[in-house]
2 protein chains.
Amino acid sequence: MEVTHFFEMNSAKKPIGIFDSGIGGLTVFKEIRKILPGENLIYFGDTARVPYGNKSKETIIRYSKEITRFLVGSKVKMIVVACNTASSMALRTLRKEFELPVFGVIGPGAMSAYKKSNGGPVAVIGTAATIQSRAYSLAINNLNKTGEHIEIIEQACPLLVPLVEEGWVYSDVTAEVVRRYLKPVIEKKPSCLILGCTHYPIIKKLIVKEIGKTAVIIDSGKEVALELKRFLTKNNMLNKSGVKAAEHFFVSDAPEKFKILGENFLGKKIRNVKVIRDFFMIL
Amino acid sequence: MEVTHFFEMNSAKKPIGIFDSGIGGLTVFKEIRKILPGENLIYFGDTARVPYGNKSKETIIRYSKEITRFLVGSKVKMIVVACNTASSMALRTLRKEFELPVFGVIGPGAMSAYKKSNGGPVAVIGTAATIQSRAYSLAINNLNKTGEHIEIIEQACPLLVPLVEEGWVYSDVTAEVVRRYLKPVIEKKPSCLILGCTHYPIIKKLIVKEIGKTAVIIDSGKEVALELKRFLTKNNMLNKSGVKAAEHFFVSDAPEKFKILGENFLGKKIRNVKVIRDFFMIL
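Model, not experiment: these values are computed from the prediction. (Residues numbered from 1 in each chain as written. Chains lettered and ligands numbered in written order. Predicted model: local features only at pLDDT ≥ 70, side-chain atom pairs only at ≥ 80, totals over all residues. Heavy atoms only, no water.)

## Remarks on the domain arrangement of chain A
Residue and element names in this part refer to chain A.
- By domain assignment, chain A separates into domain 1 (11-104 + 223-281) and domain 2 (107-221).
- Measuring from the centre of the C-alpha atoms in domain 1 to the corresponding centre in domain 2 gives 22 Å.
- Counting residues at the interface gives 25 residues for domain 1, matched by 24 residues for domain 2.
- Carbon and sulfur atoms supply 57% of the area buried between domain 1 and domain 2, which totals about 1800 Å² over both sides.
- Between domain 1 and domain 2 we count one salt bridge in total.
- Between Glu223 and Lys116 there is a salt bridge, with its nearest N and O atoms 3.9 Å apart.
- Where domain 1 packs against domain 2, one counts 16 residue pairs in polar contact (both at pLDDT 80 or more).
- Among the secondary structure elements, those contributing two or more residues to the side of domain 1 that touches domain 2 are helix H1 (26-35), helix H3 (84-97), helix H10 (220-234) and helix H11 (255-266).
- Partitioning the side of domain 1 that touches domain 2 into residue classes produces 11 nonpolar, nine polar and five charged. (Domains from an automatic or database assignment. Contact = heavy atoms within 4.5 Å. Buried area = accessible area lost by both parts, 1.4 Å probe. Salt bridge = Lys/Arg side-chain N within 4 Å of Asp/Glu carboxyl O. Polar contact = N/O pair within 3.5 Å; in protein donor to acceptor, adjacent residues only side chain to side chain. Helix = DSSP H or I, 4+ residues; strand = E, 2+ residues; numbered from the N terminus. Nonpolar A, V, L, I, M, F, W, Y, C, P; charged D, E, K, R; others polar.)

Given below as C-alpha cells:
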C-alpha cells in the first residue's frame with residue numbers, strides 16, 4: 001500500500017486508531033503495543049452494539065464506517081480493524097471510502113497460514129459472519145500461485161465469544177464446546193489453524209490441548225502487528241519522538257465492565273476509558 | 001392503569017405493538033396470540049443491537065425509546081415490552097414519556113410469583129442487567145403488605161441467551177450450564193421460580209428437570225398476556241371486528257435468520273418480516 005498525501009510532516013506522531021465490536025480487539029492492541037512501543041494508540045470498542053459476529057454484512061459495514069469516521073475525526077494516522085468479522089465484511093468499503101491506510105486482520109493471518117502450511121490443509125475458526133464470508137479462503141487462494149489445491153476447513157464457533165466475554169475461560173463447559181466445534185476440524189488433520197476471531201487467543205491453551213501440537217496456531221492479531229511495523233518502517237512513519245506513548249480507550253457503552261474484563265485481555269490496568277454514545281452523529 | 005384520551009373511536013382495531021431485543025419476545029407474542037386471537041399484532045426485534053442483557057441502563061433506555069417511537073408511528077393502541085431487560089430498565093421512562101399504555105413483563109410475573117409462593121422463597125433467573133436492576137425483588141416487595149419477609153433468590157444466567165440463540169436447546173452443554181447456574185438457587189429450596197428472560201421458556205424442560213416439580217415455574221410472558229386481556233376487556237378495547245387478525249414483524253437486521261430461528265420460538269411459519277434499519281431516525 002502506498003502512502004497518500006494525507007500525511008502531514010508530523011504525521012508520525014499521530015496515533016494509530018484500532019477498533020473492534022467490543023473487547024476482543026484488545027488482544028490485537030496488546031500485540032501492537034508489544035511490537036510498536038513508541039506509537040500513540042486509540043482504541044474504540046463498540047460495546048453498545050456488540051457482538052458483530054451474528055449480524056449482517058450491511059449492518060457491520062455501517063457500524064464500521066461510523067467508527068472509522070470517529071477515529072478519523074480523532075486525527076489518527078491509520079486504522080487497524082482489530083475484529084475479524086468487521087475485517088471480512090467491511091475492509092474493502094473502508095479502503096474505498098477513506099483516504100488513510102486501513103489494515104485488517106484477515107490478510108496478515110492468511111499470509112502467515114499460507115507460508116506455514118507447506119501446502120497442507122489450513123483450518124480457520126471464527127464467528128458465523130466471518131466463516132460465512134469465506135474471507136480467509138479467498139485470501140489464501142489469492143496468495144496461492146502454485147496451481148496446487150490447498151484444502152481449507154472453515155468452522156464457525158459462535159458460542160466461544162459469549163463464553164470468553166463471561167469469563168468462563170478455564171471452565172469444563174468451554175473445553176467441551178471447543179471439543180465439539182473442533183471435532184470435524186481435527187478429522188481433516190490441518191497443518192495449521194487460524195484463530196479467526198480476536199477473542200480466541202484468550203482460550204488458546206484449550207484450543208491447543210484439543211488440536212495437539214501438530215497444527216501451527218496462527219494469531220491474526222500478532223500478524224497484523226508485524227505487518228504494521230513493516231509498513232510504518234518502510235514509509236518512515238514510525239513515531240520516534242521518544243515521548244512516552246499515550247493510550248486512549250473509547251467505548252459506546254458500559255466503560256466499567258470494559259475496564260474490568262479488558263484488563264484480562266490486556267494483562268494490565270486500563271486507564272483513560274471514555275464512553276461516547278453519540279459518536280456516529282459527530283461527523 | 002386508566003385509559004387516556006389517546007384512543008379514538010375505532011382504536012380497538014389498532015394493533016398491539018410488541019418489542020424485544022431480538023427473537024426472545026416471540027415467546028410473549030405466542031402467549032398474546034393464544035389468549036387474544038382477535039388482536040392485530042406488530043412485533044419489533046432489535047436484531048441489529050441484540051443482546052440487551054449485558055448493556056447499560058442508559059443504552060437500554062435509549063434503544064427502548066427509539067423502538068417505542070417507531071411503534072407509535074405505526075399507530076399501535078398500546079405497547080408490550082416483551083423483554084425482561086428492557087422492562088426492568090426502561091418501563092418507567094416509557095410510561096412517563098409516551099401517552100399510550102405501556103405494559104412490561106416484570107409486574108405480571110412478580111404478581112403471579114407473589115400469589116403462588118405462599119410466603120416461601122421466590123427464585124428469579126434472568127440476564128445480568130435484569131438481575132442487577134433487582135426489578136423483580138422490588139416489585140414483589142411492593143406487593144407484599146403482610147409485613148412478613150419474603151426471601152428472594154436472584155441468579156444471573158448470561159450464557160443461556162446465546163445458547164438458545166444458537167439453537168443448542170437439547171444439548172448436554174446447555175443442561176450443564178443450567179445445572180451450574182441453578183445449583184445455588186436449588187440449595188435455597190424456592191417455592192417458585194420466575195423465568196425472568198423471554199428466552200427461557202424455550203428451555204423450560206431443562207430447567208424443570210433441574211429444579212424438580214416442587215417449585216412452580218412462572219412464565220412472565222404468559223402472565224402479561226393474561227393481564228393484557230383483563231385490561232382490554234375492562235376498557236372496552238378488545239378488537240371484536242371478526243376480521244382475521246393481522247401479524248407484522250419488523251427487525252433492525254438479518255430478517256432471514258429471524259424467520260428461521262423465530263419459527264422455533266413461535267411454533268409456526270413467520271411471514272411479513274421487514275427489515276427497517278433507520279427506524280430510530282424516522283420520527
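## Overview of the interface of chain A and chain B
- Of the residues lining the interface, 32 residues belong to chain A; the matching set on chain B comes to 32 residues.
- Around 2500 Å² of area is buried between chain A and chain B when both sides are counted, 56% of it from carbon and sulfur atoms.
- Our count for the chain A to chain B interface comes out at six salt bridges.
- Salt-bridge contacts for A:Glu58 lead to B:Arg277; the nearest nitrogen and oxygen are separated by 3.1 Å.
- Summed over the shared surface of chain A and chain B, the number is 13 residue pairs in polar contact (both at pLDDT 80 or more).
- Those elements giving two or more residues to the side of chain A that touches chain B turn out to be helix H2 (57-73), helix H7 (160-165) and helix H8 (172-186) of chain A.
- If one sorts the elements of the side of chain A that touches chain B by residue count, H8(A) sits on top with six residues.
- Partitioned by chemical class, the residues of the side of chain A that touches chain B number 14 nonpolar, six polar and 12 charged.

## Observations regarding the packing of helix H8 (residues 172-186) of chain B against helix H9 (residues 204-211) of chain B
Residue and element names in this part refer to chain B.
- Axis separation between H8 and H9 bottoms out at 9 Å; the angle between their running directions is 45°. Taken together, the axis directions place H8 and H9 in an arrangement best described as oblique. Crossing of H8 over H9 shows right-handed handedness. Along the contact surface, H8 presents Thr174, Ala175, Val178, Arg179, Leu182, Val185 and Ile186, while H9 presents Leu206, Ile207, Glu210 and Ile211.
- Tallied by class, residues from the contact of H8 with H9 come to eight nonpolar, one polar and two charged. (Axes fitted to C-alpha atoms, helices over the stretch in contact; angles between N-to-C directions. Parallel < 35°, antiparallel > 145°, perpendicular 65-115°, else oblique. Left-handed = near helix turned anticlockwise from the far one by under 90°.)

## Re the pairing of strand E3 (residues 78-81) of chain B
All names here are of chain B.
- Side-chain alternation along E3 places Met78 and Val80 on one buried face and Ile79 and Val81 on a second face that is also buried.
- Direction of pairing for strand E1 (residues 16-20) relative to E3: parallel, over a ladder of four bridges. What sits directly across from Ile18, in E3, is Val80.
- Where E3 lies against strand E4 (residues 102-104), three bridges are found, and the strand directions are parallel. By the bridge assignment, Val81 is partnered in E4 with Gly104.
- Following the chain from E3 across helix H3 (residues 84-97) to the adjacent parallel E4, one finds a crossover that is right-handed. (Buried < 20%, exposed > 50% of the residue type's maximum accessible area, 1.4 Å probe, protein only. Pairing = 2+ DSSP bridges. Right-handed = clockwise from strand over helix to strand, strands pointing away.)

## Comments concerning the environment of B:Cys192
Residue and element names in this part refer to chain B.
- Mapped onto the elements of the fold, Cys192 is located in strand E7 (residues 192-196).
- Note on Cys192: relative accessible area 0%, which makes it buried.
- Cys192 sits 70 residues away from Val122 along the chain, and the two C-alpha atoms are 5.2 Å apart.
- Apart from residues no more than four positions distant in its own chain, Cys192 is found in contact with Ala113, Ser117, Pro121, Val122, Ala123, Ala215, Val216 and Ile218.

## Some points on the pattern of salt bridges
- Summed over the entire model, instances satisfying the criterion amount to 38 salt bridges over all chains.
- For A:Asp172, the salt bridge identified is with B:Arg180, shortest N-O distance 3.9 Å. Of this pair, A:Asp172 sits in helix H8 while B:Arg180 sits in helix H8, placing the two residues on different chains.
- Under the relative-accessibility criterion, B:Arg180 is labelled partly exposed at 32%.
- One network of salt bridges, with partners in common, ties together A:Asp46, A:Arg49, A:Arg62, A:Glu66 and B:Asp278.

## Details of the sheet that holds strand E6 (residues 152-156) of chain B
All names here are of chain B.
- On the basis of which strands lie adjacent, the open sheet formed by four strands has the order E6-E5-E7-E8 and parallel pairing. At either margin of the open sheet sits one strand with a lone partner, and together these are E6 and strand E8 (216-219). Looking at each pair of strands side by side, their axes are set apart by 20° on average, direction ignored.
- As judged from the five bridges shared by strand E5 (residues 122-126) and E7, these two strands associate in the parallel manner. From the neighbouring strand, Gly126 faces E7, where its bridge partner is Gly196.
- Strands in contact with helix H6 (residues 135-143) are E5, E6 and E7; relative to E6, the strand with the most contacts, it is inclined by about 160°.

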